[in-house]
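Take a look at the letters that make up each chain.
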There are 2 protein chains.
Amino acid sequence: MNIIDGGATSAKGFKAACTAAGIKYKDRTDMAMLVSEAPCVTAGTFTRNLVKAAPVLWDRAIVESGSEARAVVINAGIANACTGEEGFEACRLSAEAVQEICGFTPDQVFVASTGVIGAKLPVDRITAGITAMAPALDPSREAGHNAARAIMTTDTLPKEACVTIEIGGKIVTIGGMCKGSGMIHPNMGTMLCFITTDAAISKALLQKALSETVEETYNMVSVDGDTSTNDTCLVLANGLAGNDPIQEENEAYAAFKEGLMEVNRTLAMKIAGDGEGATALFEVIVEHAPSKEDAKVLSKSVVTSSLSKAAVYGHDANCGRFLCALGYSGVNFDPNLVDMYFVSEHGKLKVAQDGVILAYSEEKAAEIMTTEHFTVLCDMKQGEATATAWGCDLTHEYVTINADYRS
Amino acid sequence: MNIIDGGATSAKGFKAACTAAGIKYKDRTDMAMLVSEAPCVTAGTFTRNLVKAAPVLWDRAIVESGSEARAVVINAGIANACTGEEGFEACRLSAEAVQEICGFTPDQVFVASTGVIGAKLPVDRITAGITAMAPALDPSREAGHNAARAIMTTDTLPKEACVTIEIGGKIVTIGGMCKGSGMIHPNMGTMLCFITTDAAISKALLQKALSETVEETYNMVSVDGDTSTNDTCLVLANGLAGNDPIQEENEAYAAFKEGLMEVNRTLAMKIAGDGEGATALFEVIVEHAPSKEDAKVLSKSVVTSSLSKAAVYGHDANCGRFLCALGYSGVNFDPNLVDMYFVSEHGKLKVAQDGVILAYSEEKAAEIMTTEHFTVLCDMKQGEATATAWGCDLTHEYVTINADYRS
């Protein structure tokens, strides 16, 4: 596997465009469009929130129908959630606008929205945006990058990732872009991910690879069930790499899944590190837990604790907060076995042994915490399972952003 | 039932004292002591966190043993949690210090601590504090009030409540004090509550009344399982009111439980409204839910959502966040039935109908939200159950407090 500089236009046959459609923001692009030259096998994972935005219902129907997709249209600024039947109708009108210009049928067109809940989508501006983007579709690296920028909301950086793998002598590319930033408290920081690949792969295996890698990547940034009304992750595979189609769980499937895992892990860590107002990526590794599920719940419990996040922000080596968050996770374990370490590029320090907090150097601990990537390592010493969760620190800026998100 | 100005010394036979023992803070009192003239029947509820502080283990053993208590010794500043066997030994030494001066056996002496996790309790200062407090024990209103002040950590106000009820012609008093303020994210804002009453009541019924009222009051401020290492709620009943002992679930028990509910509800709302950095009490009422358990989970899901709390702080009528928090609560319901209202002393405004956000007046909504007690009312329209949860807004000050709690 090679990690390369790339994004949603890196795989063969994919083009992108973006435009400033004036959906909500001024003086910036806020719509993007992806199109594939060839029909695509698709897979998707969607929010588990009972309150599902209209685009989620639209896209899920396409993935479930098995129709071969050709395009994705995305807007930032308005989420088209809690908008009732009118919101769903806006999805249809958007897809029909693509049909009119590009000739794809509406069931070949995904739509995705992120932004304020409750506001109505201005369909005329969406349609005008599509009319502007269609002639500008472009397979260049730059076009992919600009699309990644156009779908941002409170994100401070565009988020892209790309790898190439070799399957039976053919180079297969997997690339993608995503947005998502309200991840300190992940319930509503809509995550939209769009992965494109030229791999030839069956729909069933594409969905399996996606579902399994999402579990280890994006779902380790978010808490189970604590998902936005709009969360969407789509993969489009157009087969233009020319590899022998992946039809069973063989070596080629393993290579593809490994590539997809790398792309998804990279994007997930970028989302965590770019959490609203964040100054640091906060990583929690749980080792030697009784089971994989336990390890996941334990690591997420620490990474989502507001008090732990605030301590990371303040470089305050208040390791009792991390131990406490393990304790209330709901996992049954013996707290009197747990060792804990603080880790960063500045070193590794043991802060607790057998559940008792050590008399460690506060200075050394603060030094380790002064970093853009801080890791708490919890050695449970009661099993063999490991999991990693990602989050970020909780800052004044987070409160500022969210006390008036809509202004 | 009469609500009166009172606290932990209002019931007959209870005295209090406090002192500046220099546990952690300077220039303030940080230890308190409660003593009953007569032996007390006891009841208690304790943290469900697997990581339990030493005083929790000590007190739980006393409640379970059935021994009749005489005293409670409390310190603020250090939690005596994650301190291993040495921490438990510190509890024993504290109780023995009380024995030496007051003559009670150690199993008649509760101890409670709140503050930083991991630091060792300075037993010499605790002992000196007890020596200073014992001769100053006083049944006055002021002594109770000063004790409530001495047990504060980041609390901005002391928290007391008191009622009297009549049982068979006798006046029974139920009073109490508590501390707790880290309640925006309730996992670690240690809640300590001490209720004193002169009621004569059996141990079994005292525990039953406590457990049931805690469920509807303090547990509706905190999320199930998300409890600190130190959370403790104790009731001491010395029987000096002279009522016929309450031995069965009759009218007298109902009156006692109603009084205890009132005291606990008042203290719980004071804890929520005094959340770290809070500017407002944030109340969420869920009506017409399928079941009581559903109503509780739904109301807590909204009241603990960081994005909802930040919106309350910013007076930002972003009602999609509240709907979203219902949706990810884990409760199964039909989102297309839900109506939502914003309520305060400035009025009541319908913001969503049948799951769709209405085109309400932003100005009116902001006016309603500019208050010290803001309520979101969720009418699920799919059952008969109701629950109320309490929290507070999420502010810059919260981050400031918790980014360096220990300084």
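All values derive from a computational prediction rather than experimental measurement.

Let us now look at the overall build of chain A. Broken down by element type, chain A carries 11 helices and 15 strands. Taking 407 residues into account, the globule formula puts the C-alpha radius of gyration at 22 Å, and chain A, at 22 Å, falls close to it. When the backbone C-alpha atoms are referred to their principal axes, chain A occupies close to 70 × 50 × 35 Å. Split into buried and exposed, the 407 residues of chain A put 63% on the buried side. Of the roughly 13,600 Å² that chain A leaves accessible, carbon and sulfur atoms contribute 50%. Within chain A, the 52 negative side-chain charges are centred at a point lying 3 Å from the centre of the 32 positive side-chain charges.

Residue and element names in this part refer to chain B. Strand S4 (residues 69-78) sits mainly inside the fold: 10 of its 10 residues count as buried. Both strand S3 (residues 31-46) and S4 contribute to a ladder of six bridges, which runs antiparallel. When the bridges of S4 are listed, Val 35 appears paired with Ala 71.

Turning next to the pattern of salt bridges. Scanning all chains against the criterion turns up 34 salt bridges over all chains. Between Glu 262 of chain A and Arg 265 of chain A there is a salt bridge, with the nearest N and O atoms lying 3.3 Å from each other. Here the residue Glu 262 of chain A and the residue Arg 265 of chain A both occupy positions in helix H6 (residues 251-273), the gap between them amounting to three residues, near one helical turn. The buried category is assigned to Glu 262 of chain A, whose relative accessible area is 17%. When its relative accessible area of 32% is taken as the criterion, Arg 265 of chain A is described as partly exposed. Taking the shortest distance from any N to any O, the salt bridge between Lys 364 of chain B and Glu 367 of chain B comes out at 4.0 Å. Of this pair, Lys 364 of chain B and Glu 367 of chain B both sit in helix H10 (residues 362-369), three residues apart, which is roughly one turn of that helix. What makes Glu 367 of chain B partly exposed here is its relative accessible area of 40%.

Attention now moves to the relation of the copies chain A and chain B. It takes a turn of 180 degrees to lay chain A on chain B, together with a shift of 0.0 Å along the axis; the resulting RMSD is 0.0 Å. In short, the pair behaves as if placed about a two-fold rotation axis. Among all residues of chain A, the one whose C-alpha sits closest to the rotation axis is His 396 of chain A, at a distance of 2.6 Å. Looking at the interface residues of chain A, 100% of them are also at the interface in chain B, so both copies use one shared face.

Attention now moves to the interface of chain A and chain B. If you look at the interface, chain A gives 52 residues, while chain B gives 52 residues. Where chain A abuts chain B, roughly 4,300 Å² becomes buried across the two surfaces, and 61% of that area is made up of carbon and sulfur atoms. Counting across the interface, chain A meets chain B through zero salt bridges. Only helix H8 (306-313), helix H9 (319-327), strand S13 (356-357) and helix H11 (396-403) of chain A provide two or more residues apiece to the side of chain A that touches chain B. Here the residues of the side of chain A that touches chain B sort into 23 nonpolar, 23 polar and six charged.

In this section: the sheet that holds strand S11 (residues 339-344) of chain A. All names here are of chain A. Read across the open sheet, the six strands follow the order S13-S12-S11-S14-S10-S15; overall the sheet is mixed. At either margin of the open sheet sits one strand with a lone partner, and together these are S13 and strand S15 (385-392). For S11 and strand S12 (residues 347-353), the ladder comprises five bridges, and the chain directions are antiparallel. Counterpart to Ser 344 in the pairing with S12 is Gly 347.

Attention now goes to the side chain of Thr 304 of chain A. Residue and element names in this part refer to chain A. Mapped onto the elements, Thr 304 comes out in the loop between helix H7 (292-303) and H8. Exposure remark for Thr 304: the relative accessible area of 18% places this residue in the buried category. There is a polar contact of 3.5 Å between the side chain of Thr 304 and the backbone oxygen of Ser 301.

Residues and elements named next belong to chain A. Of all residues in chain A, 95% attain a pLDDT of 70 or more, and the chain-wide mean is 91. Counting interchain partners and residues more than four positions distant, the pLDDT-below-50 stretch residues 183-188 has 35 contacts. Here the predicted complex scores 0.79 on pTM and 0.72 on ipTM.

A few words now on the environment of Gly 273 of chain A. Within the fold, Gly 273 of chain A resides in helix H6. The class for Gly 273 of chain A is partly exposed, based on a relative accessible area of 32%.

A separate point is the nonpolar core. Tyr 218, Phe 256, Phe 322, Leu 326, Met 340 and Phe 342 of chain A together with Phe 194 of chain B are the most contacted members of the largest nonpolar core, which totals 132 residues. The element best represented in this core is H6 of chain A, accounting for nine residues. Phe 256 of chain A has contacts with Ile 165, Ile 167, Ile 174, Thr 197, Ala 199, Ile 201, Leu 206, Ala 209 and Ile 246 of chain A, leaving out every residue within four places of it along the chain. Core analysis: the next-biggest nonpolar cluster, separate from the first, contains 81 residues, Leu 206, Tyr 218, Leu 260 and Ile 271 of chain B among them.

Now for the environment of Asn 2 of chain B. Residue and element names in this part refer to chain B. Its place among the elements puts Asn 2 in strand S1 (residues 2-3). Each C-alpha atom, one on Asn 2 and one on Glu 166, is 9.3 Å from the other, the two residues being 164 residues apart in sequence. The contacts of Asn 2, once residues within four sequence positions are left out, are Cys 162, Val 163 and Thr 164.

The next thing to look at is the packing of helix H1 (residues 54-65) of chain A against helix H2 (residues 84-102) of chain A. Residue and element names in this part refer to chain A. In contact at an axis separation of 8 Å, H1 and H2 are set at 55 degrees when each is read in the N-to-C sense. Overall, the two elements H1 and H2 adopt an arrangement that is oblique. Once H1 is placed against H2, the crossing between them reads as right-handed. The residues of H2 that touch H1, namely those facing Ala 54, Pro 55, Leu 57 and Trp 58, are Gly 87, Phe 88, Cys 91, Arg 92 and Ala 95. Looking at the contact of H1 with H2 residue by residue, the class counts come to seven nonpolar, one polar and one charged.

This part covers the packing of aromatic side chains. Residues and elements named next belong to chain B. A complete count under the given rule lists 12 aromatic pairs over all chains for this structure. When the ring of Phe 282 is compared with that of Phe 322, the centres are 6.0 Å apart and the planes differ by 55 degrees; the resulting orientation is tilted. One end of the pair, Phe 282, is in strand S10 (residues 281-289); the other, Phe 322, is in helix H9 (residues 320-327), and 40 residues separate them in sequence. Judged by relative accessible area, which is 0%, Phe 282 ranks as buried. Under the relative-accessibility criterion, Phe 322 is labelled buried at 0%. Note on Phe 322 and Phe 342: the rings are 5.7 Å apart at their centroids and 85 degrees apart in plane angle, and the pair reads as edge-to-face. In this pair, Phe 322 sits in helix H9 while Phe 342 sits in strand S11 (residues 339-344), placing the two residues 20 residues apart along the sequence.

Conventions and cut-offs
Throughout this document, residue positions are counted from 1 along each chain, in the order its sequence is written. Chain letters start at A and ligand numbers start at 1, both assigned in the order the entries are written. Predicted model: local features are reported for residues with pLDDT of at least 70 only, side-chain atom pairs are reported and counted for 80 or more only, and whole-chain, interface and lining totals are derived from all residues. Computation of side-chain values covers all heavy atoms of the structure but excludes hydrogens and water. A run of H or I in DSSP counts as a helix once it spans at least four residues, and a run of E counts as a strand once it spans at least two, with each numbered from the N terminus. Radius of gyration means the value over C-alpha atoms here, while the globule rule gives 2.2 Å times the residue count to the 0.38 power. Buried means the residue's accessible area, taken with a 1.4 Å probe over protein chains only, is under 20% of the maximum for its type, while exposed means over 50%, and partly exposed covers the values in between. All accessibility values rest on the Shrake-Rupley procedure with a 1.4 Å probe; residue burial counts only the protein chains present in the view. In this count, Lys and Arg are taken as positive residues and Asp and Glu as negative ones, while His and the chain termini are left out. In plain terms, the charge of a residue is placed at NZ if it is Lys, CZ if Arg, CG if Asp and CD if Glu. Between any two strands, at least two bridges found by DSSP are needed for them to pair. The working definition used for a salt bridge is a side-chain nitrogen of Lys or Arg within 4 Å of a carboxyl oxygen of Asp or Glu. Least-squares superposition aligns the copies on the C-alpha atoms of those residues with pLDDT at or above 70 in both. Should any heavy atoms of two residues lie within 4.5 Å, those residues are counted as being in contact. Defined in terms of a 1.4 Å probe, buried area is the accessible area two parts forfeit on being brought together, summed over both. Amino acid classes used here: Ala, Val, Leu, Ile, Met, Phe, Trp, Tyr, Cys and Pro are nonpolar; Asp, Glu, Lys and Arg are charged; the rest, including Gly, are polar. Contacts described as polar in this section are N or O atom pairs within 3.5 Å, which, within protein, must combine one atom able to donate a hydrogen with one able to accept it, while residues neighboring in sequence count only if both atoms come from side chains. On a range of 0 to 100, pLDDT expresses the predictor's confidence in each residue. In this text, buried Ala, Val, Leu, Ile, Met, Phe, Trp, Tyr and Cys residues form a nonpolar core when linked through side-chain atoms within 4.5 Å. Note on geometry: axes are lines fitted to C-alpha atoms, helical ones only across the stretch in contact, with angles between N-to-C directions running from 0 to 180 degrees. Oblique is the label for every angle not falling under 35 degrees (roughly parallel), over 145 degrees (roughly antiparallel), or within 65 to 115 degrees (roughly perpendicular). Note on convention: the crossing is left-handed when the near helix lies turned anticlockwise from the far helix by less than a right angle, right-handed when the turn is clockwise. What counts as a ring pair is set by centres within 6.5 Å for rings of Phe, Tyr and Trp (its six-membered ring), and what kind of pair is set by the plane angle: stacked under 30 degrees, edge-to-face over 60, tilted for all other angles.

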